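So the chains spell out like this:
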Amino acid sequence: MYREDYLLAKVEADIGKDTWFGTAVPTEPVLSVETRNRGKFGRWREQRKLRQEYERQVMEYNRKKQELEKEVCQMATEILTAVEEAGAKGEICCVYEEGLGFLKEEEAEISGFWGRYWNIPEFRDYREFRWVKSLLSAAKGPGFILLGIAPCIPLLLEYCAGEMKSLCWYLKEEDCGEEVQEFAEDFYTEYGLAITLLPLSGRNAFRSLRLKSGKPVCVLDFTEEEKIYAGELSEGSIWLDFGSVEEKKQRIQRLSPGVRYESLKSLWRRSRRESQNNTNFTISDNSEKRPLFL
């Protein structure tokens, strides 16, 4: 199987939407202005107590906030140190496991601290051909369906041309311009395979698409659409999700159990399980040019 040189490190973290390793994430206190006492002096005394309690809560909040900020920074520093000692010298990126997406959501209490003090950027290069190629050993023909558009598609189709007997390409109407049509013509001239271009219109073009096949096919998916429908694909089909959209994986596995789903995230997850030391990596002589993933 094709494999690039990179270091893959798993970091286990007990983090919830409002907890950090079992400790509640501090929430900023709110000054209460309601009093039960209707008398002027009684109300003044009660409001004074409320202000004092509020000031105490603010001091406690600031203390816990500083502790949490320090721990988030310390965790990032320890991870960076550990992976550098393992041989990583280049770009370091973070991949969020399924169930940790809330760290990027504003509603979660922890996300504010995480966004400010977690200094390892999220990996977003799933569509670069270097990473797309990692999944192509699973691309089996002869029938192929291509969804969406990406700069690496010409290289991808050249790589898979020997497996292809048919190719249907669904893409948004606005993406099906002269450049794409010329590429389809050139591809036919070079490889003798006629690409069927199927432009889609509408805001939710891919969401309303219902793919069907009488025989197993290989779907090459470059869309970000989560609610895509694969229920009428033949059993034994394979879906290669080059965007690694976790919600899409769950939907396909739930509604289309006969369709095999693969993504870069699932490949990495499986590689970790198969590794005795819970990592999967090779370090090359020019490893300073190789990204490292957490």
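Anyway, here's the lowdown on the structure attached to this text. (Residues numbered from 1 in each chain as written. Predicted model: local features only at pLDDT ≥ 70, side-chain atom pairs only at ≥ 80, totals over all residues. Heavy atoms only, no water.)

1. Quick look at helix α4 (residues 153-160)
Filter applied, for reference: Type-normalised accessible area, obtained with a 1.4 Å probe on protein chains alone, sets the label of each residue: buried when under 20%, exposed when over 50%, and partly exposed for intermediate values. Every helix listed is a DSSP run of H or I at least four residues long, and every strand listed is a run of E at least two residues long, numbered separately from the N terminus. Note that the arc is defined by the directions from the helix axis to the C-beta atoms. Any pair of residues with heavy atoms lying within 4.5 Å of one another is described as a contacting pair.
Residues Ile153, Leu156, Leu157 and Cys160 constitute the buried set of α4. Along the axis of α4, the buried positions cluster into a sector of 95°, meaning they face one direction only. Those residues of α4 hidden inside the fold are in contact with α3 (129-132), β5 (143-147), β6 (166-172), α5 (178-191), β7 (195-200) and β9 (218-221).

2. Structural notes on the nonpolar core
Short version of the rule: Side-chain atoms within 4.5 Å link the members of a nonpolar core, which is a set of buried Ala, Val, Leu, Ile, Met, Phe, Trp, Tyr and Cys residues.
Ranked by internal contacts, the top residues of the largest apolar core, which has 42 residues, are Leu156, Leu157, Leu220, Phe222, Phe242 and Trp268. Elements represented by at least two residues in this core include exactly α3, β5, α4, β6, α5, β9, β11 (238-241) and α7 (264-274). Setting aside chain neighbours within four positions, we find Leu156 in contact with Phe129, Val132, Leu136, Leu220, Phe222 and Phe242. Formed by 23 residues, the second largest nonpolar core is a distinct cluster that contains Ile15, Ala76, Cys94 and Tyr96.

3. Details of the layout of surface pockets
Over the atoms rolls a probe the size of a water molecule, and in doing so it shows where empty space is left. In plain terms, the rule: A cavity here means a set of 1 Å grid points, computed over protein atoms only, where a 1.4 Å probe fits but cannot escape. A pocket is an open set with protein on both sides within 12 Å along at least 5 of 7 lines, and lining residues have an atom within 4 Å of a point. Grid points are joined across faces, edges and corners, and a volume is the space filled by probe spheres set on the points. Side-chain classes are defined by residue name, with Ala, Val, Leu, Ile, Met, Phe, Trp, Tyr, Cys and Pro counting as nonpolar, Asp, Glu, Lys and Arg as charged, and the others, Gly among them, as polar.
Here the largest pocket is characterised by a volume of approximately 480 Å³. Considering the residues around the largest pocket, the lining is formed by 23 residues, among which Lys104, Glu122, Glu246, Glu247 and Lys265 are closest to the centre. Looking at which element gives the most residues to the lining of the largest pocket, the answer is helix α6 (residues 246-255), with three residues. The residue inventory of the lining of the largest pocket, partitioned by class, reads six nonpolar, five polar and twelve charged.

4. Details of the environment of Glu262
Note the threshold: Two N or O atoms count as a polar contact when they lie within 3.5 Å, although within protein this holds only if one can serve as hydrogen donor and the other as acceptor, and sequence-adjacent residues are included solely when both atoms are side-chain atoms.
Here Glu262 is to be found in strand β12 (residues 260-263). Placed 20 residues apart in sequence, Glu262 and Phe242 show a C-alpha to C-alpha distance of 8.6 Å. Among residues more than four places away in sequence, those in contact with Glu262 are Ile238, Trp239, Leu240, Asp241 and Arg270. One polar contact links Glu262 to Arg260, side chain to side chain, over a distance of 3.2 Å.

5. Overview of α6
Taken residue by residue, α6 has Glu246, Lys248, Lys249 and Ile252 as its buried positions. Along the axis of α6, the buried residues cluster in a sector spanning 160°; they form a single face.

6. Describing the packing of aromatic side chains
Selection rule: Under the pairing criterion, centres of Phe, Tyr and Trp rings, with the six-membered ring standing for Trp, must be within 6.5 Å; the plane angle then separates stacked pairs below 30 degrees from edge-to-face pairs above 60, leaving the rest tilted. We call a charge positioned over a ring when the NZ of a Lys or the CZ of an Arg lies within 6 Å of the ring centre and within 35 degrees of the ring normal.
Summed over the entire model, instances satisfying the criterion amount to 14 aromatic pairs. Seen in terms of ring centroids, Trp114 and Trp118 are 4.2 Å apart; in terms of plane orientation they differ by 15°. Their pairing is stacked. For Trp114, a relative accessible area of 5% corresponds to the buried category. Seen in terms of ring centroids, Phe123 and Trp131 are 5.8 Å apart; in terms of plane orientation they differ by 80°. Their pairing is edge-to-face. Summarising the burial analysis for this pair, Phe123 and Trp131 share the class buried. Ring pairs connect the aromatic residues Trp20, Phe21, Tyr96, Trp114 and Trp118, which therefore count as one cluster. Looking at Arg210, its charged tip hangs above the ring of Tyr229, at a distance of 4.1 Å from the centre.

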